[in-house]
Amino acid sequence: MTESTMNALVSPEGSLEILSNHEVNRLKDKSEGGLYRLFRQCALAVLNTGVETDDCKELMEAHADFDVRLVPQPRGLKLELINAPGHAFVDGEMLRAIREHLFSVLRDIVYSHSIPNTVAGFRRDNPEDITNLVFHILRNARVLEAGRQPDLVVCWGGHSISHDEYQYSKDVGHQLGLRGLSICTGCGPGAMKGPMKGATIGHAKQRVKNGRYIGITEPGIIGAEAPNPIVNELVIMPDIEKRLEAFVRCGHGVIVFPGGVGTAEEILYLLGILLHPDNADLPFPVVFTGRKENAEYFEMIDKFIRNALGDEAANKYEIIIDDPARVAQTMKQGMKDVETFRRAMQDAYYFNWMLKIDPVFQLPFEPNHDNMRALELHRDQPVHLLAANLRKAFSGIVAGNVKESGIRQIQEKGPFEIAGDPTLIRPLEAMLEQFVEQNRMKLPGTSAYRPCYRIVSGAA
């Protein structure tokens, strides 16, 4: 059965900057240097909110006749949608949340591409400039609220999880909501939706009127993880590195639920930053949690971390099994510690300026066959840099499994090759095999997995 489509002229909803002629022309530009293709891809992903797919390439191909056009108006502009997915509408009217997200996409794509071209002296490889770019995108999206006490819990975990794991993430979110804490996730389904859904009920019980459900994504992943319906603040960062930095700059603590390679990438990014000597005394609560049936999963994660990064890395997180209330209590106390520290250091509550992030975590990593084969996966380097290189390995696997560009490379040249110190590579391979066996790298609704990597012998 062919899915219904609709044509529509959509007015702005939410925050939107007035666009210059130059910005409008870039959004219309279908050449390689233009923004049309990027905007179309992200817009289509938002219009598919609630649809289960983790294949951006498949999504684009299924809606090859979709188009989006800018229509200048005397009081601003509207978007003309051609062959938009019918499930984005009710009785001919676009769902308000989807309309809001659609213009959030427009806002962030225009803004993030304008700053590097308009700010004098901006350098894409300068750490301070990168952090300032992250700050300005978040501020422009109105994510940063001056005067608000630390309350934002970042929740990471898999989009492809079991019903029971989803229910547990919802239970944790409920306990967080009862304590007045807000939620920030990657905005997709699974462990990104569960905590938000639970928190809405907790907030309702406590009559919390300003609960926040922030979703932070990036163009390469939004097609695989379209925003879930609960997200009330959507932000599109330019790439995965800036997305991850946004999480740790605006969030005040992190909860990790069971997941696959994307979750492992996030864990290694976070631990790599917290292991930097300059961050030794900086409070940042981190909890790994799941059901009793997930205890073995977290034992595997903990064992991998201790082998690769040492016991010091393991000291940066606490594992709490099958106890949602304790998870929330730990986070609530962590918020108080963060508040006390930042007040003493006169650092902002809304943006973690003091957090030291090594440039290796900020500069975009391009997953391709040469870069994946050349990763420095050996122990002869500072532990936080080893974490950075392991993070890149998982980032490449994510790209090969769900991102359009990565999928095309795998189809053309075969799986990415990963090589390095056997004491690192063998445990890595074993964990990846476990992810596959546990269906943590499957396509939604199936047990299928797309092979996208190959472990090879010998150091890189």
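Remember, it's a predicted structure, so these values are computed and weren't measured experimentally. Along each chain, the written sequence defines residue order, and numbers are assigned to residues from 1. It should be noted that, the model being predicted, local features are given only for residues of pLDDT at least 70 and side-chain atom pairs only at 80 or more, the latter also being counted only at that level, while totals for whole chains, interfaces and linings use all residues. To get the side-chain values, all heavy atoms of the structure are used, and hydrogens and water are removed first.

The next thing to look at is the pattern of salt bridges. By definition, a salt bridge exists where a carboxyl oxygen of Asp or Glu is found within 4 Å of a side-chain nitrogen of Lys or Arg. The tally for this structure, following the rule as stated, stands at 21 salt bridges. Notably, a salt bridge pairs Arg306 with Asp311, separated by 3.0 Å at the nearest N-O pair. Each residue gets one of three labels from its accessible area relative to the maximum for its type: buried under 20%, exposed over 50%, partly exposed in between, using a 1.4 Å probe on protein chains only. On the basis of relative accessible area, Arg306 is assigned to the partly exposed category, the value being 37%. Classification of Asp311 by relative accessible area gives partly exposed; the value is 48%. A salt bridge links Glu417 to Arg373; its shortest N-O distance comes to 3.1 Å. Highlighted residues: Glu417 in strand β13 (residues 416–418) and Arg373 in helix α15 (residues 369–373), separated in sequence by 44 residues. On the basis of relative accessibility, which here comes to 27%, the residue Glu417 falls in the partly exposed class. Judged by relative accessible area, Arg373 falls into the partly exposed class, the value being 30%. Within this structure, Glu145, Arg148, Asp151, Arg212 and Glu233 form a network of salt bridges that share partners. Numbering of helices and strands starts at the N terminus; helices are DSSP runs of H or I of at least 4 residues and strands are runs of E of at least 2.

Within the largest apolar cluster, 83 residues are counted, with the highest numbers of intra-cluster contacts made by Leu309, Phe394 and Phe435. Both domains that furnish three or more residues to this core are identified here as domain 2 (145–359) and domain 3 (363–455). When sequence neighbours within four positions are dropped, the list of residues in contact with Phe394 reads Val261, Ala264, Glu265, Leu268, Phe304, Leu428, Met431, Leu432 and Phe435. Think of a nonpolar core as a cluster: buried Ala, Val, Leu, Ile, Met, Phe, Trp, Tyr and Cys residues, connected wherever their side-chain atoms sit within 4.5 Å. Membership of the second largest hydrophobic core comes to 57 residues, among which are Val24, Cys42, Ile98 and Cys155. What fixes the domain bounds is an automatic or database domain assignment. Contact criterion: two residues are considered in contact whenever any of their non-hydrogen atoms come within 4.5 Å of each other.

Now for the domain arrangement of the chain. Interfaces are often sized by the accessible area lost when the parts come together. Taken as a whole, the chain is organised into domain 1 (5–113), domain 2 (145–359) and domain 3 (363–455). Counting from both sides, the interface comprises 34 residues of domain 2 and, opposite them, 30 residues of domain 3. Accessible area, probed at 1.4 Å, shrinks when two parts are joined; the buried area is that loss added up over both. Buried surface at the junction of domain 2 and domain 3, both sides included, amounts to about 2,800 Å², of which 66% is carbon and sulfur. In terms of surface lost to domain 3, no three residues of domain 2 exceed Glu241, Val261 and Phe304, which account for 22% of the buried area on that side. At the junction of domain 2 and domain 3, the tally comes to 4 salt bridges. Between Lys403 and Glu218 there is a salt bridge; the shortest N-O distance is 2.9 Å. Polar contact is defined as a pair of N or O atoms within 3.5 Å, subject to the rule that within protein one atom must be able to donate a hydrogen and the other to accept it, and that residues adjacent in sequence are counted only when both atoms are side-chain atoms. At the surface where domain 2 touches domain 3, the tally comes to 9 residue pairs in polar contact (both at pLDDT 80 or more). Residue assignment for the side of domain 2 that touches domain 3 shows that the elements contributing at least two residues are α8 (219–222), α9 (240–250), α10 (261–274) and α11 (295–309).

Those residues of helix α17 (residues 404–413) lying buried are Glu404, Gly406, Ile407, Gln409 and Ile410. Phi for Gly414, located one or two positions after α17, is positive at around 90°.

Packed helices, taken two at a time, are described by the angle between their axes plus the distance between the axes. Axis separation between helix α5 (residues 127–140) and α9 bottoms out at 10 Å; the angle between their running directions is 70°. By the criterion of interaxial angle, the relationship of α5 to α9 is roughly perpendicular. Across from Ile130, Thr131, Leu133, Val134 and Leu138 in α5, the residues of α9 making contact are Lys242, Glu245, Ala246, Arg249 and Cys250. Amino acids outside the nonpolar list (Ala, Val, Leu, Ile, Met, Phe, Trp, Tyr, Cys, Pro) and the charged list (Asp, Glu, Lys, Arg) are all regarded as polar, and Gly is one of them. For the contact of α5 with α9, the per-class residue count stands at 6 nonpolar, 1 polar and 3 charged. Every axis in this analysis is a line fitted to C-alpha atoms, fitted for helices over the stretch in contact. Angles between the N-to-C directions lie between 0 and 180 degrees. Geometric relationships in this document are graded by angle, where less than 35 degrees denotes roughly parallel, more than 145 denotes roughly antiparallel, 65 to 115 denotes roughly perpendicular, and other angles denote oblique.

Turning next to the side chain of Arg212. By the secondary structure assignment, Arg212 is in the loop between α7 (194–205) and β8 (213–217). When residues no more than four places from it in sequence are discounted, the contact partners of Arg212 are Arg142, Val143, Glu145, Arg148, Ser182, Ile183, His203, Asn232 and Glu233.

A few words now on the packing of aromatic side chains. The rule is short: rings of Phe, Tyr and Trp, with Trp giving its six-membered ring, pair when the centres are within 6.5 Å, and they are stacked under 30 degrees, edge-to-face over 60, tilted in between. Following the criterion strictly, the structure yields 11 aromatic pairs and no others. Pairing Trp156 with Phe247 gives two aromatic rings, centres 5.7 Å apart and planes at 80°, and the pair type is edge-to-face. In this pair, Trp156 sits in strand β6 (residues 152–156) while Phe247 sits in helix α9, placing the two residues 91 residues apart along the sequence. For the pair shown, Trp156 and Phe247 are each scored as buried. In this structure an aromatic cluster arises from ring pairing among Phe288, Tyr297, Phe298, Tyr317 and Phe435. The criterion is that NZ of a Lys, or CZ of an Arg, lies within 6 Å of the ring centre and within 35 degrees of the ring normal, and then a charge sits over that ring. Looking at Arg440, its charged tip hangs above the ring of Tyr297, at a distance of 4.8 Å from the centre.

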